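Now for the letters of each chain:
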Amino acid sequence: MFFEQIFEEKLAQYAYLIGCQKNGEAIVVDPMRDIERYEELASKHNLKIVAAAETHIHADYLSGLREFAEKGVKVYASDEGDKDWKYEWLMGSNYNYQLIKDGDEFNIGNIKFTTVYSPGHTPEHVSYLVTDGAATDQPMGILSGDFVFVGDVGRPDLLETAAGQIGAMEGSAKTLYRSVEKFKTMPEYLQLWPGHGAGSACGKALGAVPKSTVGYEQKFNNSIRSAVSEQNFVDFILDGQPEPPLYFARMKRDNKLGPKVLGDFPSPSKMRISDIVEETGNENSVIIDTRKRTEFMKGHLKGSLLATLNKQFNTIAGSYVKEDQDIYLVIEEDKVDEAVVDLIRIGLDNIKGFATPDELSEADVVSTEKIDFERTDQLMKEGGYTLIDARKKSEFDAGHHPEAINISHTRLLDRMNEIPTDKPVLVHCKSGNRASFASALLEAKGWEVKFIDDAVEPWLAKNNFLVEVK
């Protein structure tokens, strides 16, 4: 049996290529939209991808299942859950597909996949037990998707906090508890292959180790250990879940209704800065500046957003850019392809052009004032400023300035009506990183902004703003 875990660092996502080396057939589980990467890997190992499967309707990226279906590859997807969470794009289509339920089996050569219904993170979630039939009739591991991670379980609140299904999170947590109880009965020797690792927003305490065993997670996973009773588990798992990025709702919708077929990758044209300025400046377009925050604050095009091309790029772009906006990049030319792949993975396909940062020297640019917390104290005492705390709510609750408005940086675009428009804003987070993105967005939307580029915890301690944790 061929087995390879494929890691995407920026979204902390794992896909899996599993193949039968005897007949040369392979399957991809939980593929992203840019499926060429899986095809190239399969070809390298003399395998042909004949099937693709998914564990659930994803919230953090566009699935590659439809891309495979368009090529005639057979796709497997859950038929569990309620009527509101079905793969609507598959049902009744002409694609080669099979909708599966708990206990259903299918084979890729000698390899058997057994469906295990494991709801809670989502209503339709399934996992797959994997059996190498050439060696044994017993499963060797489980592809757990977003059900069980290394060190955590999938968050059950997204139907409410991301998809807007009010009142759903507690019921989902109780459902997840029952799935966890089922997980506790599985053989300890099974290997566990999760759908995400550390850095994913699909859980709150995911480990960086890429794989585990069922027995290890049964004994040492704190979320599973909390399941001594249903209520204890519900309280534990819902406490401290971070606000999901704004684009999660769109990913849920698109993966349910059917992601747009990608076809050819966008190929943005190299442009002069002056031409980009002429093309933008309206609600239908946006400039994303991919430089580091220090460079951006010194000088940038008026109205541009900051989304540094690093691990947070997908999250920031997805939370600050609307799906129908035309996108123009300020980016080094050798980084354009990387940015394009990142953007199409979250459904931002309208990438029209780019200019390199060195062209900014010939453009009219604006700067953003940077201040520290000592200056912040002075300005807040003077009055006439709004203080925005861009940290997570759990961080805010542990200590904050009494006059601060807390809006997580990934939810800011949707909550701007909460910010007074008649006063300048001071924006901070923990270290300045998240606040830099939030500052750029607010500035682009018309606020006068001072960016607090400073560490918050010493300031909170000095002013006795921290809450004692018991």
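Residues numbered from 1 in each chain as written. Predicted model: local features only at pLDDT ≥ 70, side-chain atom pairs only at ≥ 80, totals over all residues. Heavy atoms only, no water.

Participant: Looking at this structure, how should I read the packing of aromatic side chains?
Facilitator: Within a pair of aromatic rings, the relevant descriptors are the distance that separates the centres and the angle that separates the planes. For the structure shown, the criterion picks out 13 aromatic pairs. Judged by centre distance (5.8 Å) and plane angle (90°), the rings of Phe-147 and Phe-183 are edge-to-face. Of this pair, Phe-147 sits in the loop between strand S10 (141-145) and strand S11 (148-149) while Phe-183 is found in helix H4 (residues 169-183), placing the two residues 36 residues apart along the sequence. The buried category is assigned to Phe-183, whose relative accessible area is 1%. Judged by centre distance (5.2 Å) and plane angle (90°), the ring pair of Tyr-247 and Phe-248 falls under edge-to-face. By relative accessible area, Tyr-247 is classed as buried at 2%. Three or more aromatic residues joined by ring pairs form one cluster here, namely Tyr-76, Phe-106, Phe-113 and Tyr-128. (Phe/Tyr/Trp six-rings, centres within 6.5 Å; stacked < 30°, edge-to-face > 60°. Helix = DSSP H or I, 4+ residues; strand = E, 2+ residues; numbered from the N terminus. Buried < 20%, exposed > 50% of the residue type's maximum accessible area, 1.4 Å probe, protein only.)

Participant: Explain the sheet that holds strand S16 (residues 285-289) here, please?
Facilitator: Backbone-to-backbone hydrogen bonds pair the strands of a sheet. The strands run either parallel or antiparallel. Spatially, the 5 strands line up as an open sheet ordered S15-S19-S18-S16-S17, and their pairing is parallel. Two strands bound the open sheet, and with one partner strand each, they are strand S15 (269-270) and strand S17 (305-306). With 2 bridges joining them, S16 and S17 adopt parallel strand pairing. Its bridge partner being in S17, Ile-288 is matched across the sheet by Leu-305. Packed on one face of the sheet, helix H12 (residues 336-344) meets strand S18 (326-330) and strand S19 (351-355) and runs near 150° to S19. (Pairing = 2+ DSSP bridges. Contact = heavy atoms within 4.5 Å. Axes fitted to C-alpha atoms, helices over the stretch in contact; angles between N-to-C directions.)

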